[in-house]
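The lines below spell out each chain.
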Amino acid sequence: MIVVTGATGGLGGATVEHLLERIPAGRIGVSVRDTAKAQHLADRGVRVRQGSYEDPVALRDSFDGAEQVLLVSGNDPAADMMGLHRNAVEAAVAAGARRILYTSQHGAVPGNPYRPSDIHIATEAILGDSGVPWTALRNGAYGPLDQVLGPWQRTGVIAQPEDGPVPYTDRDDVAEATAVVLAGDRSFDGPVTLTAPTAVTFDDFSRIASGLTGRTVERVVPDDEQWVADQITTGVPEPMARLMLTWYQAARAGCFAEAGPLLGELLGREPRTVADRLAARIAD
């Protein structure tokens, strides 16, 4: 039995879909806040149980019988995510899981100014103290490219703070590789990096987008405070804008520059490139 949390979300849901292509549905369980939202999985034979990181008792029940548990990290900036992740790890241990996998973050090492890195570092430490074999999947940035680049198709401009190289990674590639790890015979101990093989900058994005569209896509670099002010004028709360600013600061410091080959090895093919993803977005 493999139990996946967050299975009604983007990454967790895609991981379950890829698991269903590899193993019988009866070997898959999901732990979700709202079981009604997972009815489509129950209809296909997946075991669906209610569980959330805020409710350790229900969480332990949802993990019952699991050989492996995949903990999809939370992302609520207002919550005590370290405490909630501790609940999840302890519930998996109490349920008798033989391995715990956790969706960590690329570059989750001390000194990274991107604030969520601290949560992932702390959670990896909790896993290390759990007494159970564990794997931290340090996933490359897999958010939608429009979220990363801003409204470049409308404006013809990528206006984001000074950055650095980042191996922007396709979410479905990450999900597929996660399913391969869960369903396969190869074990990974501790942190492993899952990223696209090439790190790129916004200058690279500008060049690629210009080539794909046949028009010039300009790269503009506002200073940090101007960018925060611009975000606030579009309705982004200042705390969130400043949180996101730490991402760009981490990128320019080289915290995400290292790319690895493991994602492609697990997929058995080349992961999708940013050019592939931009081309698909333009075609939509």
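See the structure shown above.
Described below are features of the structure shown in this document. (Residues numbered from 1 in each chain as written. Predicted model: local features only at pLDDT ≥ 70, side-chain atom pairs only at ≥ 80, totals over all residues. Heavy atoms only, no water.)

Further remarks concern helix α13 (residues 274–283). All of the buried residues in α13 are Val-274, Arg-277 and Leu-278. Taken down its axis, α13 places every buried residue within 100° of arc, on the same side. Those residues of α13 that are buried are in contact with α6 (145–149), α7 (152–155) and α9 (202–213). (Buried < 20%, exposed > 50% of the residue type's maximum accessible area, 1.4 Å probe, protein only. Helix = DSSP H or I, 4+ residues; strand = E, 2+ residues; numbered from the N terminus. Arc of directions from axis to C-beta. Contact = heavy atoms within 4.5 Å.)

Glancing now at the sheet that holds strand β6 (residues 134–139). If you walk across this open sheet you meet the seven strands as β3-β2-β1-β4-β5-β6-β8, and the pairing is parallel. A strand with exactly one partner marks an edge of an open sheet, and here the two such strands are β3 (47–50) and β8 (190–194). Adjacent strand axes in the sheet meet at a mean angle of 20° when their direction is disregarded. Sheet topology places strand β5 (residues 99–105) next to β6; six bridges connect them, and they run parallel. The residue of β6 that forms the bridge with Leu-101 is Thr-135. (Pairing = 2+ DSSP bridges. Axes fitted to C-alpha atoms, helices over the stretch in contact; angles between N-to-C directions.)

Bringing the packing of aromatic side chains into the picture now. One pass over the structure, following the stated rule, counts seven aromatic pairs. A centroid spacing of 5.4 Å and a plane angle of 80° characterise the contact between Tyr-114 and Trp-247, whose relative ring orientation is edge-to-face. Note that Tyr-114 is positioned in the loop between β5 and α5 (116–128) and Trp-247 in helix α11 (residues 238–252), a separation of 133 residues in sequence. This pair shows no difference in class: Tyr-114 is buried, exactly as Trp-247 is. Taking the centre distance of 6.2 Å and the plane angle of 40° together, the rings of Phe-202 and Phe-205 count as tilted. Linking Phe-202 with Phe-205, this pair stays in helix α9, spanning three residues, or about one helical turn. (Phe/Tyr/Trp six-rings, centres within 6.5 Å; stacked < 30°, edge-to-face > 60°.)

Burial of β6 is extensive: six of the six residues sit out of reach of the surface. The side-chain alternation of β6 yields two buried faces, one formed by Trp-134, Ala-136 and Arg-138 and the other by Thr-135, Leu-137 and Asn-139. On the question of chirality, the crossover connecting β5 to the parallel β6 by way of α5 is right-handed. Examined bridge by bridge, β6 and β8 share five bridges and lie parallel to one another. Bridge pairing in β8 places Leu-137 opposite Val-192. (Right-handed = clockwise from strand over helix to strand, strands pointing away.)

Moving on, we come to the packing of helix α10 (residues 224–233) against α11. Remark: α10 packs on α11, axes separated minimally by 9 Å, with the N-to-C direction vectors making an angle of 140°. Between α10 and α11 lies a crossing whose hand is right-handed. For the pair formed by α10 and α11, the contact residues are Asp-224, Glu-225, Trp-227, Val-228, Gln-231 and Ile-232 on the first element and Glu-238, Ala-241, Arg-242, Met-244, Leu-245, Tyr-248, Gln-249 and Arg-252 on the second. Residue composition of the contact of α10 with α11, by class: seven nonpolar, two polar and five charged. (Left-handed = near helix turned anticlockwise from the far one by under 90°. Nonpolar A, V, L, I, M, F, W, Y, C, P; charged D, E, K, R; others polar.)

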